[in-house]
Amino acid sequence: MSKRNIVIIPGDGIGPEITAAVINVIEASGAEIAWVEHDAGLAALDKGRDVLPDETLEAIKEYKIALKGPCTTPIGEGFTSVNVKLRKTLDLYAAVRPVRNLPGVITRFRNVDIVIIRENTEGLYSGVENVVSPGVVMSMKVATERACSRISHWAFEYARHRHRKKITVLHKANIMKLTDGLFIRKSKEASRDYGDINYEEIIIDAGCMKLVQDPALFDMLLLENLYGDLISDLCAGLVGGLGVVPGANIGDREAVFEAVHGSAPDIAGKGVANPLALLMSGVMMLNHLADNEGREDFRACAERIKNAYNDALQEGERTRDLGGKLGTMEFADVLIKRMNHTSV
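A brief look at the structure comes next. Nothing here was measured: the structure is a model prediction, and the numbers come from that model.

## What to know about the nonpolar core
Note on soluble globular proteins: their nonpolar side chains tend to be buried together.
At step 1: Judged by nonpolar contacts, the single largest core of 91 residues is most densely connected at Leu221 and Met285.
At step 2: A total of ten residues in this core trace back to one element, the largest contributor, which is helix 9 (residues 276–293).
At step 3: When near neighbours in sequence (up to four residues on either side) are disregarded, methionine 285 contacts Ile6, Ile33, Trp35, Ile65, Leu67 and Phe257.
At step 4: Residues Ala40, Val51, Ile60 and Val256 belong to the second largest nonpolar core, which totals 17 residues.

In structure tokens:
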């Protein structure tokens, strides 16, 4: 098969280290990829460019797919968040966060296997804020029929394709009757076209209680922007934290797969960062390309990588944050050896 051009954004802090490790693993899996490197975040600013350069955006538009390490946006200096600008400019309206227990990673919960689908473009994160009068400010929550409808249908299509059985919408429509009311109305309308998938609605405060009581009650969660941001991190905590969950932002044309944790500048350059979250995002990316471009060779590579890290974690070959002794590249080398052994 021909090589697939994919934009790679190493990011900041630990980003370049974990990105290098992930590239090594993905290439060792046999995936035919030509990496096209571009900058964002502090790495771009240090070169005198914008926090999200036009060249980076144009490359993603050209190649349709990007894998992104954690990027830092300077706080309080007037810079727009890299992630927010990516989502708005490319209309990446569906944030996808699969959360599951990993072998050998011991947490308080078992049998967690949840996919969080978050509407990514509006809600309170629309950034519409005003000073009403001295000492009084207002933030406006935006909801449109178009955005509510498309994320709902997208979630049900995802559920059907991934053989998921139930979608739960978490909302606060008892208080925000217009905005959250519109969200659940469009979700319910979408559900009527998918009789094979169970549908339920739960007020979000009750839903949070149920999540920490028994997360196995849930299969897929569908939420508006702010709720999805909060709940996806909460669910990550059920399985070991942001270092063991992948993430993606997907639109009708482009998709950006990313590590959802921070750039951790305090450990940058020490070779101890865990590359697993970015690697799992890379596995999502390979499966996405298989689904949307017919690259079944990529699906096989994704399965090879997934089996390697599942087996390694189960047998105690882990980075320090997960109770092991391996560094960033050492962990990558372990996975590569496992894949090479399996392919013999």
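## Considering unusual backbone geometry
A negative phi angle is the norm for most residues apart from glycine, just as the trans form is the norm for most peptide bonds.
At step 1: Residues other than glycine seldom take positive phi values, yet histidine 163 does so here, at roughly 60°.
At step 2: Among the secondary structure elements, histidine 163 is positioned in the loop between helix 5 (145–161) and strand 8 (166–171).
At step 3: With a phi close to 45°, alanine 264 is a non-glycine residue in the positive phi region.
At step 4: The topology assignment puts alanine 264 in the loop between strand 12 (255–259) and helix 9.

## Topic: the sheet that holds strand 10 (residues 220–223)
At step 1: Sheet architecture is open: ten strands sit in the order 2-1-3-12-11-4-5-10-8-9, paired in mixed fashion. Where the open sheet ends on each side, the last strands, each with one partner, are strand 2 (33–37) and strand 9 (198–203). Strand after strand, the sheet turns through a mean of 25° between neighbouring axes, direction not considered.
At step 2: The sheet contact formed by strand 1 (residues 4–9) and strand 2 spans five bridges and is parallel.

## Quick look at the packing of aromatic side chains
At step 1: Counting across every chain of the model gives three aromatic pairs.
At step 2: Here the aromatic rings of phenylalanine 156 and tyrosine 194 are separated by 5.2 Å at their centres, their planes lie at 20°, and the arrangement is stacked. A residue pair is termed long-range when its members are at least 10 positions apart, and phenylalanine 156 in helix 5 and tyrosine 194 in the loop between helix 6 (179–191) and strand 9 qualify at 38 residues.
At step 3: Aromatic pair phenylalanine 156 and tyrosine 199: ring centres 6.2 Å apart, planes at 35°, arrangement tilted. With phenylalanine 156 in helix 5 and tyrosine 199 in strand 9, this residue pair connects regions lying 43 residues apart in the sequence.
At step 4: Given the relative accessible area of 0%, phenylalanine 156 is considered buried.
At step 5: On the basis of relative accessibility, which here comes to 22%, the residue tyrosine 199 falls in the partly exposed class.
At step 6: These aromatic residues form a ring-pair network of at least three members: Phe156, Tyr194 and Tyr199.
At step 7: The positively charged end of lysine 166 is found above the aromatic ring belonging to phenylalanine 218, 6.0 Å away from the centroid.
At step 8: The side chain of arginine 295 reaches across the aromatic face of phenylalanine 298, ending 4.2 Å from its centre.

## Observations regarding the side chain of lysine 166
At step 1: The residue lysine 166 is located in strand 8 in this model.
At step 2: Engagement of the side chain of lysine 166 in a polar contact is seen with the side chain of glutamate 200, the distance being 3.3 Å.
At step 3: Lysine 166 has contacts with Ile197, Asn198, Glu200, Leu217, Asp219 and Met220, leaving out every residue within four places of it along the chain.

## With respect to helix 10 (residues 296–314)
At step 1: Between its first and last C-alpha atoms helix 10 spans 27 Å; for 19 residues at 1.5 Å apiece the expected length is 27 Å, and the two agree.
At step 2: Three or more residues of helix 10 are buried, namely Phe298, Cys301, Ala302, Ile305, Ala308, Tyr309, Asn310, Ala312 and Leu313.
At step 3: Immediately downstream of helix 10, the backbone of glycine 316 shows phi near 85°, a positive value.

## Topic: the pairing of strand 3 (residues 65–68)
At step 1: Burial along strand 3 is two-sided: Ile65 and Leu67 and Ala66 and Lys68, pointing in opposite directions, are all buried.
At step 2: Pairing analysis gives three bridges linking strand 1 to strand 3, with the strands arranged parallel. When the sheet's bridge partners are listed, isoleucine 8 is paired in strand 3 with leucine 67.
At step 3: As paired elements, strand 3 and strand 12 share four bridges and run parallel to each other. Paired with alanine 66 across the two strands is valine 256, which belongs to strand 12.

## Describing the pattern of salt bridges
One side chain can pair with another of opposite charge once the charged atoms of both are near each other.
At step 1: Applying the stated rule across the entire model yields 28 salt bridges.
At step 2: We note a salt bridge from aspartate 113 to arginine 164, for which the minimum N-O separation is 2.8 Å. Within this pair, whereas aspartate 113 is found in strand 5 (residues 113–119), its partner arginine 164 is found in the loop between helix 5 and strand 8, the two being separated by 51 residues in sequence.
At step 3: For lysine 166, the salt bridge goes to glutamate 200, with nearest N and O atoms at 3.3 Å. Placement of lysine 166 in strand 8 and of glutamate 200 in strand 9 is noted, with a sequence separation of 34 residues between them.

Rules behind the numbers
Residues numbered from 1 in each chain as written. Predicted model: local features only at pLDDT ≥ 70, side-chain atom pairs only at ≥ 80, totals over all residues. Heavy atoms only, no water. Core = buried A, V, L, I, M, F, W, Y, C linked by side-chain atoms within 4.5 Å. Buried < 20%, exposed > 50% of the residue type's maximum accessible area, 1.4 Å probe, protein only. Helix = DSSP H or I, 4+ residues; strand = E, 2+ residues; numbered from the N terminus. Contact = heavy atoms within 4.5 Å. Pairing = 2+ DSSP bridges. Axes fitted to C-alpha atoms, helices over the stretch in contact; angles between N-to-C directions. Phe/Tyr/Trp six-rings, centres within 6.5 Å; stacked < 30°, edge-to-face > 60°. Lys NZ or Arg CZ within 6 Å of the ring centre and 35° of its normal. Polar contact = N/O pair within 3.5 Å; in protein donor to acceptor, adjacent residues only side chain to side chain. Expected span 1.5 Å × (residues − 1). Salt bridge = Lys/Arg side-chain N within 4 Å of Asp/Glu carboxyl O.

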